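Summary of structural features
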Amino acid sequence: MLKDIAEYLLKGIYDVAIAFDSEFQGKEDIVTYPLYKGRYCAAVSHPHPLFHHESIAKEELYEHPLVMLIATAIGNAYHLMIKHAIEDGYQPNILRTADDVESELFYIITENLIGFFPDNYQLAYLQDKVRVIPLDDSHHTFAIEAGYLKNNTNPALPSFLQQIQIGFSNRP
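Presented here is a report on the structure given in the accompanying data block. This is a predicted model, so every value here is computed, not measured.

Cut-off values and rules
- Residues numbered from 1 in each chain as written.
- Predicted model: local features only at pLDDT ≥ 70, side-chain atom pairs only at ≥ 80, totals over all residues.
- Heavy atoms only, no water.
- Helix = DSSP H or I, 4+ residues; strand = E, 2+ residues; numbered from the N terminus.
- Rg over C-alpha atoms; globule rule 2.2 N^0.38 Å.
- Buried < 20%, exposed > 50% of the residue type's maximum accessible area, 1.4 Å probe, protein only.
- Contact = heavy atoms within 4.5 Å.
- Areas by Shrake-Rupley, 256 points an atom, 1.4 Å probe, with all protein chains shown as cover.
- Core = buried A, V, L, I, M, F, W, Y, C linked by side-chain atoms within 4.5 Å.
- Expected span 1.5 Å × (residues − 1).
- Phe/Tyr/Trp six-rings, centres within 6.5 Å; stacked < 30°, edge-to-face > 60°.
- Lys NZ or Arg CZ within 6 Å of the ring centre and 35° of its normal.
- Pairing = 2+ DSSP bridges.

Take the overall build of the protein chain next. The helix and strand inventory of the protein chain stands at six helices and eight strands. Shown N-terminal to C-terminal, the secondary structure of the protein chain runs as helices and strands in the order α-β-β-β-α-β-α-α-β-α-β-β-β-α. Relative to a compact globule of 172 residues, whose C-alpha radius of gyration would be 16 Å, the protein chain shows 17 Å and is just as compact. Structurally, the protein chain occupies a C-alpha span of about 55 × 30 × 30 Å along its principal axes. Taking all 172 residues of the protein chain together, 45% fall into the buried category. Partitioning the contacts of the protein chain with sequence separation of at least 6, the portion at a separation of at least 24 is 73%. Here the protein chain has roughly 9,300 Å² of accessible surface; of this, 52% comes from carbon and sulfur atoms.

The nonpolar side chains of a soluble globular protein tend to be buried with one another. Residues Leu61 and Phe116 are the most contacted members of the largest nonpolar core, which totals 50 residues. With six residues, the top contributor of residues to this core is strand β2 (residues 30–45). With residues up to four places along the chain from it excluded, the contact list for phenylalanine 116 reads Tyr40, Cys41, Leu61, Tyr62, Leu66, Val67, Met68, Met81, Glu104, Leu135 and His140.

It is worth spelling out helix α4 (residues 76–87) at this point. Its 12 residues give α4 an end-to-end C-alpha distance of 16 Å, which sits within 8% of 16 Å, the value for a rise of 1.5 Å per residue. By the burial criterion, the buried members of α4 are Ala77, Tyr78, Leu80, Met81, Ile82, His84 and Ala85. Tucked inside the fold, the buried residues of α4 contact β4 (66–69), α3 (71–74), β5 (94–98), β6 (115–118) and β8 (141–149).

Turning to the environment of methionine 68, a few remarks are in order. Within the element layout of this structure, methionine 68 appears in strand β4. Residue class for methionine 68 comes out buried when judged on its relative accessible area of 5%. With 40 residues separating them along the chain, methionine 68 and isoleucine 108 place their C-alpha atoms 10.0 Å apart. Not counting residues within four places of it along the chain, the set of residues in contact with methionine 68 comprises Ile74, Tyr78, Met81, Ile94, Arg96, Thr97, Ala98, Glu104 and Phe116.

This next bit is on the packing of aromatic side chains. According to the stated counting rule, one finds eight aromatic pairs in the structure shown. What links up through ring pairs into an aromatic cluster is the set Phe20, Tyr36, Tyr40 and Phe142. Here the guanidinium or amino end of arginine 131 rests over the ring plane of phenylalanine 51, the centre of that ring lying 5.7 Å away.

For asparagine 112, which is not a glycine, the phi torsion comes out positive at approximately 60 degrees. Even without being glycine, aspartate 137 reaches a positive phi, approximately 45 degrees. Residue position: aspartate 137 is located in the loop between β7 (130–136) and β8. A relative accessible area of 62% places aspartate 137 in the exposed class.

A separate point is the pairing of β4. By the alternation rule, side chains of β4 split into Leu66 and Met68 and Val67 and Leu69, which are all buried. As defined by bridge partners, β4 adjoins β5 across four bridges and the pair is classed as parallel. By the bridge assignment for β5, valine 67 is matched with arginine 96.

See below:
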């Protein structure tokens, strides 16, 4: 689970981990290597009134109930989302929580809730049912980073980091 990544790095279970930046924040023994920076978008189902918008203003976003992945699954990202909403000037109305992305998508479709997804998330099999729509002027941003311990002496690390950077920069 995302919430365990920093702990597993610190315990030496992982040599390198790729995760959202929120999981590495405040971990002084973990060095991070940026791979991608982006914005969170609203995921809405086809009957939702915002489905045909090209972008969504934060005023419109917070008029609707939300679904979020639970904090025990996504770790610090849950609390960071609430912090970003408050920075936007709103208290989010989180009507449901979900254990995994598939359950979150289920609630988006069946209960017409709004979810948050990274701007680079690929909805390959639900494109006609769910759209990922950019948010206007919002604090909902993220970075994807590789994290590793400061004292990591694995000689393959520099080459590995270079290869994953190339992989992220070549993504559509």
